[in-house]
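Per-entry structural report
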Amino acid sequence: LHSMATSITIMPRVLIDRRPVSAHSHSGACKVGALMFKTHVSSLPFKRGRFPLATPVRASSSSSSSSGISQITPPSLISEGPCAHASAGGGGGGATTGTGTAMSAAIALALLATPQPALAETVAVGGVASAFAAYGHYASLFTIAGALAVERVTVTAKPTKEQLDRLVAADSIYGIAGVILLGTGYMRAKYYGKGWEFYAHSPVFWVKLALFAVAGASSLLVTTKVVQAAIADNKSEDGDVPEFGDALAQRMIKVINAELLAFGAIPLTASLMARGIGYNQDFPWQAGAALVALPAVGLSAKYLKEAFDTKGEWEK
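Predicted model, so just to flag it, every value in this text is computed and none were measured.

**Topic: helix α10 (residues 285-309)**
Along an α-helix, residues three or four apart share an orientation, since each turn contains 3.6 residues. End to end, α10 covers 36 Å across 25 residues, agreeing with the expected 36 Å (1.5 Å per residue, within 8%). All of the buried residues in α10 are Gly288, Val292, Tyr303, Glu306 and Ala307. Buried residues belonging to α10 abut α8 (203-235) and α9 (246-274).

Next comes the structure, spelled out in structure tokens:
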């Protein structure tokens, strides 16, 4: 608001006064107009690549970069505009510099006074989508933790009909929430977060995915036995509920405990990753992908084999 008020006070005088000015005065006026333009544009909430006029550039090592304000300047309007011509022309003065000053002032004033409805709509739509993606990500993680907690207290050597149905429901919710967690995580990493280039070079990000892969692979044991028990229960003609047995029930509980630990560590890795801890531009993403793929494939094969080799009481 301060910069806009200043522009309303200064710019009309600059536009009206068309008398020839010196190169020094012209350079000062150009700098004022460029500064107010930069301040106005840098205060707008926009995402990189979606602003129609300005092009974000890497901050230079000059004193302006140390102020923390991004230098966002359309090269065709400022860097190569009348100010640049005035600087190159030296003390040309005359009507040319007066016209250049007026043009610079007009550009800055127009940009300050012109509303940006398209930009506001773009930011609003992107913000809503980002918020829903974040909500789905967090909600799915909490849902997984809840489903695992239900499984942990429900698994027993001799489940009742209600307990077996509860296990089936909890495991189904766990699977659906896992898919949502993975999908929203991809959306946040690709579109709504810090950008794939940031995550790809963050070892903590790959550790986070490795924890998810370990938890998902180990869940195959519990899911397989619950599905087998549910199928046996549906086929049972005498109404007897399939029993897991003490050994299998204890093994399932240990696996569920490990899954809870893995998912409990994911928020910690997410917090470290978001703060850039461990980020290394030279870290190859292929190494991170291998860190995720190897345990995912290896543990999936291990727990599937164990699930089919370990027999429940109804299978003996």
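Now, onward.
**Section: the environment of Tyr186**
Tracing the chain through its elements places Tyr186 in helix α6 (residues 161-192). Judged by its relative accessible area of 49%, Tyr186 falls in the partly exposed class. For the pair Tyr186 and Trp196, spaced 10 residues apart in the sequence, the C-alpha separation amounts to 9.6 Å.

**Focus on the nonpolar core**
Core analysis: the biggest nonpolar cluster contains 29 residues, and Ile144, Val155, Phe244, Met252 and Phe263 have the highest contact counts within it. Among the elements of the structure, α5 (117-154), α6, α8, α9 and α10 are those that each provide at least two residues to this core. Considering each element in turn, this core owes the most residues, 9 residues, to α9. Residues in contact with Val155, not counting those within four places in the same chain, are Leu167, Ala249, Met252, Ile253 and Ile256.

**What about the pattern of salt bridges?**
Summed over all chains, the structure comprises 6 salt bridges. Salt-bridge contacts for Lys225 lead to Glu315; the nearest nitrogen and oxygen are separated by 3.1 Å. On the criterion of sequence distance, the pair formed by Lys225 in helix α8 and Glu315 in the segment after α10 is long-range, its members being 90 residues apart. The class of Lys225 is buried, set by a relative accessible area of 0%. Given a relative accessible area of 31%, Glu315 falls into the partly exposed group.

What counts, and where the lines are drawn
- Residues numbered from 1 in each chain as written.
- Predicted model: local features only at pLDDT ≥ 70, side-chain atom pairs only at ≥ 80, totals over all residues.
- Heavy atoms only, no water.
- Helix = DSSP H or I, 4+ residues; strand = E, 2+ residues; numbered from the N terminus.
- Expected span 1.5 Å × (residues − 1).
- Buried < 20%, exposed > 50% of the residue type's maximum accessible area, 1.4 Å probe, protein only.
- Contact = heavy atoms within 4.5 Å.
- Core = buried A, V, L, I, M, F, W, Y, C linked by side-chain atoms within 4.5 Å.
- Salt bridge = Lys/Arg side-chain N within 4 Å of Asp/Glu carboxyl O.

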